[in-house]
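Take a look at the letters that make up each chain.
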Amino acid sequence: STQSTGIVPDMCKCVDYQTLKLQEAPDHIPTGDMPRHIQLYVDRTLVDKMVPGNRVQVVGIYSIRKQSDAKEGKKDKNITAGIRRPYIRVVGLEVDSSGPGRSLNKFTAEEEDHFKKLAERDDVYDLISRNIAPSIFGSEDIKKSIACLLFGGSRKRMPDGLTRRGDINLLLLGDPGTAKSQLLKFVEKCSPIGVYTSGKGSSAAGLTASVMRDPTTRCFVMEGGAMVLADGGVVCIDEFDKMREDDRVAIHEAMEQQTISIAKAGITTTLNTRCSVFAAANSVFGRWDDTKGEENIDFMPTILSRFDMIYIVKDDHNESRDTTIARHVMKIHLNREQAVNEGEMSIEMLKKYIAFSRGKCGPRLSDASAAKLGHRYVVMRTSARQHEHDSNRRLSIPITVRQLESIVRIAEALAKMRLEPFTTDADVEESLRLFQVSTLESAMSGSLSGVEGLTALEDQEEVRKVEKQLKQRFPIGSQVSESRIIQDFTKQRFTERSVRTVLNIMIRRGELQHRMQRKVVLRVK
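Residues numbered from 1 in each chain as written. Predicted model: local features only at pLDDT ≥ 70, side-chain atom pairs only at ≥ 80, totals over all residues. Heavy atoms only, no water.

## Notes on the overall build of the chain
Okay, step 1: Broken down by element type, the chain carries 18 helices and 18 strands.
Okay, step 2: Residues classed as buried in the chain amount to 42% of the 525 residues present.
Okay, step 3: Across the chain, the fraction of contacts at a sequence separation of at least 24, relative to all contacts at a separation of at least 6, is 72%.
Okay, step 4: If you sum the accessible surface of the chain, you get close to 29,300 Å²; carbon and sulfur atoms cover 51% of it. (Helix = DSSP H or I, 4+ residues; strand = E, 2+ residues; numbered from the N terminus. Buried < 20%, exposed > 50% of the residue type's maximum accessible area, 1.4 Å probe, protein only. Contact = heavy atoms within 4.5 Å. Areas by Shrake-Rupley, 256 points an atom, 1.4 Å probe, with all protein chains shown as cover.)

Below you can see the structure in the form of structure tokens.
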């Protein structure tokens, strides 16, 4: 006779369990294939040992289970009777600390002693900045800013419950071919947690979070995007200008408040995105056009004010510098192994030191540094307002209270490199200098500061008048002697320097071409 069995809840012992999805590593995928994935079942002490984005090694039992159909009202069960789904019942796992996953926060006593000796060196700041992408020539200030971004400032929680972010955001804006993407790839590699994404292939849901229906249980589940996976690290966004404006607005909250609020399909929650944003973008015209000024920047002030440092990277033509860069590139291609090892610290050691500093040290401003910064901020605001008054236009990159907090974060990052509890006057001076060469110079870039000493607004207006008259007088397809053009415009009391500047700019855009040993100019478009 059959005996009925049942579960008595009071006499049962419950254990924790978790269902995970294991996906193939991107560097192990064969060419042209999609990444494969399999379901993991973990229980007891193995629960919550991993977070999304980790690289893991798993030991388990390969098992199969019956495919359950959660759709209601389905009568015919014979269709799925012979279908089984594979899964792995996990027995042991190990989180890999190398690669762009989460690094371990456990350090040996020898490593801690080495880190403390390294922090006591006088040149630790220069040492770290020299080891940021050593195979890329130049860009010293940008590398120092990247070092500050990797270490970050101190996150503060106020008595009223509000928080102030400690992560530093950095934007590189400028010409193609200036190693912006290579710097982004290096930061993804040496950051304790790094996520790399491209602007054109990223949507608002892919960067923040999305709510989707689970195919097996038919319930709504939430999946974190790139900024959620990079919590505690850096998210690198390439081709930032190619993103749609709606998608760019979606990361406003994630960049300043460092949270993402979701209210979809009955799920209302808030996710943490305590990560730095390192973005690279091109100008509106492809290359930076000095005569257009602030028209090169196609970003709203709301997104620009959230970046602590903004660099305008120009590919200037300089014979001596070009020769040095050519030698450096040839040296890398000829002696690849030697060029890779030219840094004084290995990437793995730099990654461990960054993780150690972020976990052990949280510097604060000293009283003297705070008074000095407050005074310098007032001076910066005054000079920016005077510049707006003189040029009769508003700055495309605003100088707000956020920029004062940016300087504080940079000073705290400099102190964190030395594992010191308080900032010094040298840290404040260096943070002000980095802010001066990045954001302030970019904010003032509406003038012709990059073209042969042309700085005044009158010179800029003169260049625009010369270009307008030149296009009106010489139709497309006409050939004119360059000396004749200069003579005609100098008779109208235009300076020769302005005329030559306009010719060089139009040749660079492809609107004019030199003919007959550079004596004659042909208008192409």
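Now that the structure has been shown, we can carry on.
## Section: a nonpolar patch on the surface
Okay, step 1: Nonpolar side chains collect at one region of the surface, where V59, I61 and V91 lie side by side and expose about 290 Å² of accessible area between them.
Okay, step 2: Within the element layout of this structure, V59 appears in strand 3 (residues 55-66). (Patch = residues over 30% accessible without salt bridge, like charges linked within 9 Å, V, L, I, M, F, W, Y side chains within 5 Å. Salt bridge = Lys/Arg side-chain N within 4 Å of Asp/Glu carboxyl O.)

## Here we look at the sheet that holds strand 16 (residues 479-481)
Okay, step 1: Reading across the sheet, the three strands line up as 16-18-17 and stay open at both edges, with antiparallel pairing between neighbours. Edge positions in the sheet fall to strand 16 and strand 17 (512-515), since each has one partner strand and no second. Adjacent strand axes in the sheet meet at a mean angle of 30° when their direction is disregarded.
Okay, step 2: Alignment of strand 16 against strand 18 (residues 520-523), held across three bridges, turns out to be antiparallel. Directly across from S481, in strand 18, lies its bridge partner V520.
Okay, step 3: Along the sheet, helix 17 (residues 482-491) makes contact with strand 16, strand 17 and strand 18, crossing strand 16 at roughly 70°. (Pairing = 2+ DSSP bridges. Axes fitted to C-alpha atoms, helices over the stretch in contact; angles between N-to-C directions.)

## Things to note about the pattern of salt bridges
Okay, step 1: Following the criterion strictly, the structure yields 25 salt bridges and no others.
Okay, step 2: As a salt-bridge pair, D427 and R418 come within 2.8 Å of each other at their nearest N and O atoms.
Okay, step 3: On the accessibility criterion, D427 (4% relative accessible area) is buried.
Okay, step 4: Among the salt bridges present, the one from D488 reaches R484, with a minimum N-O distance of 3.7 Å. Within this pair, D488 and its partner R484 are both found in helix 17, separated by four residues, close to a single helical turn.

Function cannot be read off these values alone, since they describe shape.
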